[in-house]
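Given next are the chains, with one letter for each unit.
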Amino acid sequence: TGPAMGVGVGQAMLVLLAACAVMPAKDPLLNVCMDAKHHKSKPGPEGNLYDQCSPWKDNACCTANTSSEAHKDQSNLYNFNWNHCGLMPPKCKRHFIQDTCLYECSPNLGPWIDQVDSSWRRERILHVPLCKEDCEEWWEDCKDFLTCKENWHKGWNWATGTNRCPWGSMCRPFSQVFPRPKDLCEKIWSNSYKYTTEHRGSGRCIQMWFDPAQGNPNVVVAKFYAWKKRSSPARMENVTPEVDKAVCALPWAALVLLPLALVVLPEGSWGCGSHGWGSL
């Protein structure tokens, strides 16, 4: 016992504490761009993103040209015509522009990227949890506009090179085609979005609209869902992202000194984070 033993225990404690502070390697679900038609291979600064896409200029998956095209009635991005049942009013169209900007520019959609076998993209987003306000404001501003289809991803008449209503379909108000905000957000793009009751700023839902001066709120949301996706249901109940450091992966030095710590330290004093090794 004596000083030597105390030094050894101290060293072991320091190594273990340092090991608990080790952050996991780069998360493949965070700060990524999907493999799709107009996306960059990896996110980065874009100083000249146009108008509604500008909130993403500090770290974007879109180029300046893509951001400009996103604002056009007849965009070259997908030859898609918003005005298929008459002129879409500006208060409605701005939501579709913002939706396009989020899809093309956001590096925070990694937890919801899904593989697809398509001629124009290899990945898509699926069930992105959209904030309640974003979905409901979208519906409110578009409820009186006319459309002829519930799912805008497929089923159009492309005979002229742009989307037109299918033969036999009728133009009806959004409020009939999409009776609730949930219907609009979930059905219009084949479940790309999921309606939630989570509010902006909660850290639990993706915002289409945000003030870049306050930072990008979707960064922390992506981190939460990336962690949630990796965690098993059994561990979800008692662990939070802040204390779950990839189960405190230990470097080799900690493994060498671990037996000393286990022998010398009193029982119950060698937990890691908020839960000890016994929970593994």
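In this report, the structure presented in the accompanying data block is examined. (Residues numbered from 1 in each chain as written. Predicted model: local features only at pLDDT ≥ 70, side-chain atom pairs only at ≥ 80, totals over all residues. Heavy atoms only, no water.)

1. Points about the packing of aromatic side chains
(1) Moving on: In this structure the tally under the stated criterion is 19 aromatic pairs.
(2) Moving on: Note on Trp-82 and Trp-152: the rings are 6.3 Å apart at their centroids and 40 degrees apart in plane angle, and the pair reads as tilted. Pair noted here: Trp-82 is in the loop between α2 (64-69) and α3 (90-105) and Trp-152 is in the loop between β4 (146-147) and β5 (172-173), with a separation of 70 residues, a long-range link.
(3) Moving on: Each ring, one from Phe-96 and one from Trp-138, has its centre 5.3 Å from the other, and the planes form 80 degrees; the classification is edge-to-face. On the criterion of sequence distance, the pair formed by Phe-96 in helix α3 and Trp-138 in helix α4 (residues 132-142) is long-range, its members being 42 residues apart. Across the pair, Trp-138 and Phe-96 agree in class, each one buried.
(4) Moving on: An aromatic cluster of three or more residues is present, and its members are Phe-80, Trp-82, Phe-96, Trp-138, Phe-145, Trp-152, Trp-156, Phe-174, Phe-178, Trp-189 and Tyr-193. (Phe/Tyr/Trp six-rings, centres within 6.5 Å; stacked < 30°, edge-to-face > 60°. Helix = DSSP H or I, 4+ residues; strand = E, 2+ residues; numbered from the N terminus. Buried < 20%, exposed > 50% of the residue type's maximum accessible area, 1.4 Å probe, protein only.)

2. Some remarks on the pattern of salt bridges
(1) Moving on: Applying the stated criterion across every chain, the model contains 12 salt bridges.
(2) Moving on: Taking the shortest distance from any N to any O, the salt bridge between Glu-137 and Arg-200 comes out at 3.0 Å. You can see Glu-137 sitting in helix α4 and its partner Arg-200 sitting in the loop between β6 (193-195) and α7 (218-230), a full 63 residues away along the chain.
(3) Moving on: Residue Asp-183 is joined to Arg-180 by a salt bridge in which the shortest nitrogen-to-oxygen separation is 3.1 Å.
(4) Moving on: A residue is classified by how much of its surface remains accessible, and Asp-183, at 6% relative accessible area, is buried.
(5) Moving on: Bridged by salt links that share partners, the residues Glu-150, Arg-180, Asp-183 and Lys-187 form one connected network. (Salt bridge = Lys/Arg side-chain N within 4 Å of Asp/Glu carboxyl O.)

In short, geometric facts, not functional conclusions.
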